[in-house]
2 protein chains.
Amino acid sequence: MMSNGKPRVGFIGLGLMGAGMARNIARAGFPLTVYNRTRLRSEELVAEFGGVTVADSPRHAAESADVLVSIVSDVPDVEAIYLGTDGVIEAAHSGLTCVDMGTVGADCASRVAAALAKKGAEFVDAPVSGGVWGAKEGTLSIMAGGSDAAYAAALPVFEAMGKKIVHCGPVGSGQQTKLVNQIVVALNLEAVAEGLLFAQKAGLNIQTTLDAVGAGAASSWAWNTLGPRMASGDYEPGFKIAHQIKDLRLAIEAAEKAGISLRGARLVVENLQRAQEILPDGGERGTQGIIAAL
Amino acid sequence: MMSNGKPRVGFIGLGLMGAGMARNIARAGFPLTVYNRTRLRSEELVAEFGGVTVADSPRHAAESADVLVSIVSDVPDVEAIYLGTDGVIEAAHSGLTCVDMGTVGADCASRVAAALAKKGAEFVDAPVSGGVWGAKEGTLSIMAGGSDAAYAAALPVFEAMGKKIVHCGPVGSGQQTKLVNQIVVALNLEAVAEGLLFAQKAGLNIQTTLDAVGAGAASSWAWNTLGPRMASGDYEPGFKIAHQIKDLRLAIEAAEKAGISLRGARLVVENLQRAQEILPDGGERGTQGIIAAL
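In this text, all values refer to a predicted model and were calculated from it rather than measured experimentally. (Residues numbered from 1 in each chain as written. Chains lettered and ligands numbered in written order. Predicted model: local features only at pLDDT ≥ 70, side-chain atom pairs only at ≥ 80, totals over all residues. Heavy atoms only, no water.)

## Considerations on the overall build of chain A
When helices and strands are counted, chain A shows 12 helices and 11 strands. A compact globule built from 294 residues would reach a C-alpha radius of gyration of about 19 Å, and chain A, at 20 Å, matches this within 12%. For chain A, the spread of C-alpha atoms along the three principal axes comes to 65 × 45 × 35 Å. Counting all 294 residues of chain A, 62% fall into the buried class. For chain A, long-range pairs separated by at least 24 residues make up 64% of all intrachain contacts whose partners lie at least 6 apart in sequence. Accessible area of chain A: about 10700 Å², with a carbon and sulfur share of 50%. (Helix = DSSP H or I, 4+ residues; strand = E, 2+ residues; numbered from the N terminus. Rg over C-alpha atoms; globule rule 2.2 N^0.38 Å. Buried < 20%, exposed > 50% of the residue type's maximum accessible area, 1.4 Å probe, protein only. Contact = heavy atoms within 4.5 Å. Areas by Shrake-Rupley, 256 points an atom, 1.4 Å probe, with all protein chains shown as cover.)

## Structural notes on the side chain of B:Glu190
Position of B:Glu190 among the secondary structure elements: in helix 8 (residues 173-201). Buried charge without a partner: B:Glu190 forms no salt bridge, and the closest opposite charge is A:Arg263, 7.1 Å away. Ignoring any residue separated from it by four or fewer positions in sequence, one finds B:Glu190 in contact with A:Leu187, A:Gly264, B:Leu267, B:Val268, B:Asn271, B:Ile290 and B:Leu294. (Lys, Arg positive; Asp, Glu negative; His and termini not counted. Salt bridge = Lys/Arg side-chain N within 4 Å of Asp/Glu carboxyl O.)

## Some words on unusual backbone geometry
Unusually for a residue other than glycine, A:Asp281 sits at a positive phi of about 55°. Tracing the backbone shows A:Asp281 in the segment after helix 12 (263-278).

## What to know about the side chain of A:Ser173
Within the secondary structure, A:Ser173 sits in helix 8 (residues 173-201). Separated by 2.6 Å, the side chain of A:Ser173 and the backbone oxygen of A:Pro170 make a polar contact. When sequence neighbours within four positions are dropped, the list of residues in contact with A:Ser173 reads A:Asp125, A:Ala144, A:Gly145, A:Cys168 and B:Leu204. (Polar contact = N/O pair within 3.5 Å; in protein donor to acceptor, adjacent residues only side chain to side chain.)

## Some thoughts on the relation of the copies chain A and chain B
Superposition record for chain A on chain B: RMSD 0.0 Å, screw rotation 180°, translation along axis 0.0 Å. Look at the turn and shift together and you get a two-fold axis relating the two. If distances are taken from each C-alpha of chain A to the rotation axis, the shortest is found for A:Ser220, at 1.9 Å. Looking at chain A, 100% of its interface residues are interface residues in chain B too, so the copies touch through the same face. (Least-squares fit on C-alpha atoms with pLDDT ≥ 70 in both.)

## Quick word on the interface of chain A and chain B
Tallying the contact residues gives 56 residues for chain A and 56 residues for chain B. Overall, the association of chain A and chain B removes approximately 4600 Å² of surface from exposure, summing both partners, and the carbon and sulfur fraction of that is 70%. For chain A, the biggest contributors to the area lost against chain B are A:Phe198, A:Ala217 and A:Arg263; these three give 15% of the whole. Applying the counting criterion to the chain A and chain B interface returns four salt bridges. The tally of links between chain A and chain B comes to 18 residue pairs in polar contact (both at pLDDT 80 or more). It is helix 8 of chain A that provides the largest number of residues to the side of chain A that touches chain B, a total of 19 residues. When its residues are assigned to classes, the side of chain A that touches chain B shows 31 nonpolar, 17 polar and eight charged. (Buried area = accessible area lost by both parts, 1.4 Å probe. Nonpolar A, V, L, I, M, F, W, Y, C, P; charged D, E, K, R; others polar.)

## Some details on the packing of aromatic side chains
Residues and elements named next belong to chain B. If you walk through the whole model with that rule in mind, you get six aromatic pairs over all chains. Between Tyr82 and Phe123, the ring centres sit 5.9 Å apart and the planes meet at 85°, which makes this aromatic pair edge-to-face. Of this pair, Tyr82 sits in helix 4 (residues 75-83) while Phe123 sits in strand 8 (residues 122-125), and the two are 41 residues apart along the sequence. Pair check on accessibility: Tyr82 and Phe123 agree, each one buried. Ring geometry for Trp133 versus Trp221: centroids 6.4 Å apart, planes at 40°, classification tilted. A residue pair is termed long-range when its members are at least 10 positions apart, and Trp133 in helix 6 (residues 131-137) and Trp221 in helix 10 (residues 221-232) qualify at 88 residues. Here Trp133 falls in the partly exposed class, since its relative accessible area comes to 23%. Taking relative accessible area as the criterion, Trp221 reaches 23% and is therefore assigned partly exposed. (Phe/Tyr/Trp six-rings, centres within 6.5 Å; stacked < 30°, edge-to-face > 60°.)

## Some details on helix 5 (residues 106-118) of chain B
Owing to its 3.6 residues per turn, the α-helix brings residues three or four apart onto one side. Residues and elements named next belong to chain B. The end-to-end C-alpha distance of helix 5, which contains 13 residues, comes to 19 Å, matching closely the 18 Å that a straight helix rising 1.5 Å per residue would cover. If you check which residues of helix 5 are buried, you get Ala106, Cys108, Ala109, Val112, Ala113, Ala115 and Leu116. Lining the buried residues of helix 5 we find helix 4, strand 7 (97-100), strand 8 and helix 8. Once helix 5 ends, the next one or two residues include Gly120, with phi positive near 85°. (Expected span 1.5 Å × (residues − 1).)

## Side note on the pairing of strand 6 (residues 67-70) of chain A
Residue and element names in this part refer to chain A. Every second residue of strand 6 is oriented toward a common face, with Val67 and Val69 on one face and Leu68 and Ser70 on the other, all of them buried. In terms of strand pairing, strand 3 (residues 9-12) meets strand 6 through four bridges, oriented parallel. Of the residues in strand 6, the one forming a bridge with Val9 is Val67. Summarising the sheet, strand 6 and strand 7 (residues 97-100) pair through four bridges and their orientation is parallel. (Pairing = 2+ DSSP bridges.)

## Side note on the domain arrangement of chain A
Many descriptions give the size of an interface as the accessible area lost when the pieces come together. All names here are of chain A. Along its sequence, chain A is organised into domain 1 (2-170) and domain 2 (177-293). One C-alpha centre belongs to domain 1, the other to domain 2; they are set 28 Å apart. In this complex, domain 1 contributes 16 residues to the contact, which on the side of domain 2 involves 17 residues. Taken together, the two surfaces of domain 1 and domain 2 that pack against each other cover about 1300 Å², and 65% of this comes from carbon and sulfur. (Domains from an automatic or database assignment.)

## A look at the pattern of salt bridges
Side chains bearing opposite charge may pair, as long as their charged atoms lie close to each other. Counted according to the given criterion, the structure contains 30 salt bridges over all chains. Among the salt bridges present, the one from A:Glu284 reaches A:Lys240, with a minimum N-O distance of 2.7 Å. Placement of the pair is A:Glu284 in the segment after helix 12 and A:Lys240 in the loop between helix 10 (221-232) and helix 11 (241-257), with a sequence separation of 44 residues. Accessibility expressed as a relative area gives 38% for A:Glu284, which makes it partly exposed. In this structure, A:Glu270 and B:Arg263 form a salt bridge, with 3.0 Å as the shortest nitrogen-oxygen distance. Of the two residues, A:Glu270 is situated in helix 12 and B:Arg263 in helix 12 (residues 263-278); the pairing between them involves two chains. Linked by salt bridges that have partners in common, A:Arg59, A:Glu63, A:Asp86 and A:Glu90 make up one network.

## Focus: the environment of B:Ala242
Examined against the element boundaries, B:Ala242 turns out to sit in helix 11 (residues 241-257). Ignoring anything within four residues of it in the chain, the contact list for B:Ala242 reads B:Gln276 and B:Gly283.

## Quick look at the packing of helix 1 (residues 16-27) of chain B against helix 7 (residues 148-161) of chain B
All names here are of chain B. Between helix 1 and helix 7, whose axes approach to 8 Å, the crossing angle comes to 110°. With respect to helix 7, the axis of helix 1 lies roughly perpendicular. Considering how the two elements wind past one another, helix 1 and helix 7 form a crossing that is right-handed. Packed against helix 1, whose contacting residues are Met21, Asn24 and Ile25, the element helix 7 presents Val157, Ala160 and Met161 at the interface. (Axes fitted to C-alpha atoms, helices over the stretch in contact; angles between N-to-C directions. Parallel < 35°, antiparallel > 145°, perpendicular 65-115°, else oblique. Left-handed = near helix turned anticlockwise from the far one by under 90°.)

Here is the structure:
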């Protein structure tokens, strides 16, 4: 059921991330139906691109789709759009591949996948890394978990949104890989904050320091991308503090179940929580705001 | 006092780092005089390259040098080779630029610089990042602190050893920048260890995880270089645990004086100390061995 050789895509969730991702799907020429709780955001997309239609519900977005993509905030939202009233499950059919791209943990992914499987639909958990900038530029890293067939069905759509796309294993392994990613992201963030704070206190020229340290064994995406923003006090969100806290809690809970402690990740959560309290509207600021807590 | 247009270089300290660095200086065609406590290492260099001579003391290495480079383990060693009996200070002369490339803190750099200045010699503190691999391949990052004239005198020699060379400011600022670097390196290392430990416990395919996570917002030199070694239990030192602990102590002491706490860096020191205790000959193993402590 493809139109002009491209799978028909349903897209749910035009938030900070989703808006950029849906635009890249439209730009790549996929027939696209979008659903968002606030309808206005969907209508902006229709005005911008030909071939985009607005859906009234998650069910409606899934009805005529070959690939349904969702990216919403948290576990309850994912369960509502898939399993709630007028949810995707009501339109789930054989030939439909659903892809959730939020970070919600492997348990949530498994529950949704099991429900969809009963209606003959496939599920891929495919969380992303790269933030709003990566979503906008189509350079996300995509960590996908699902069957080979489901991954193959989703791949053309992934290619419109991401640069690095990896099939990590069965359902749930995209989520697990993303939690690994978030643990690493969190500690790399703490690294930048402690390093820059030290540099400021030592009276170093910060631009020179950013340049010198970014090239060697200390180099990281965080240093090169968040470092300059942290140094200039620009807390515009690429990735929000509240979301990073949520993701780290998922990781810490999963780690506890596995009997490991992640002391570093816990420290970062503490600092992010303090930043959330200290900064005005703190949870909505970018994670680089962590430096305010140190 | 240059021979064939190149400054004459004295080099002190043919350890894990120095051996690679001195070879790159010899390879670039600088007339080179080397001193090492264990004379055998110097003789290996003479056998390997024309134009290399062996010095009997730090003083001897400095006597006919335009640029004297040193890289030894710790503060007492630096003070011994510069200020001790038969030390560089005894041969210090106007026109000599001394460059210490170890990580010894800004206080040590300032003391040595002041002593040399009395004899008319210049001093540059120029610690490096990039480990033994970077030393061998001539791809070190070099963070230099000193006067413009001293930096200019040392630059051709730096270019034989490094890829990224930054003049950070006056004497001491190379050291301060290096401590920033080590704080960041330490937390990036903790990031890799906590991330990979989680991946192992979650039953993920580690190669796939290394690939997926290394491309996005979690990417770092540590992830891409130390991650695979950590995963395979290869603790061959690029940078030794004992040295990382020493550097972090310098950073933490300097931070305390400045009234900041570096909680993350402190946690990494704890974990490195535990790894040093747990692993056989632990201090001599590479910092990636930290995962054994988690």
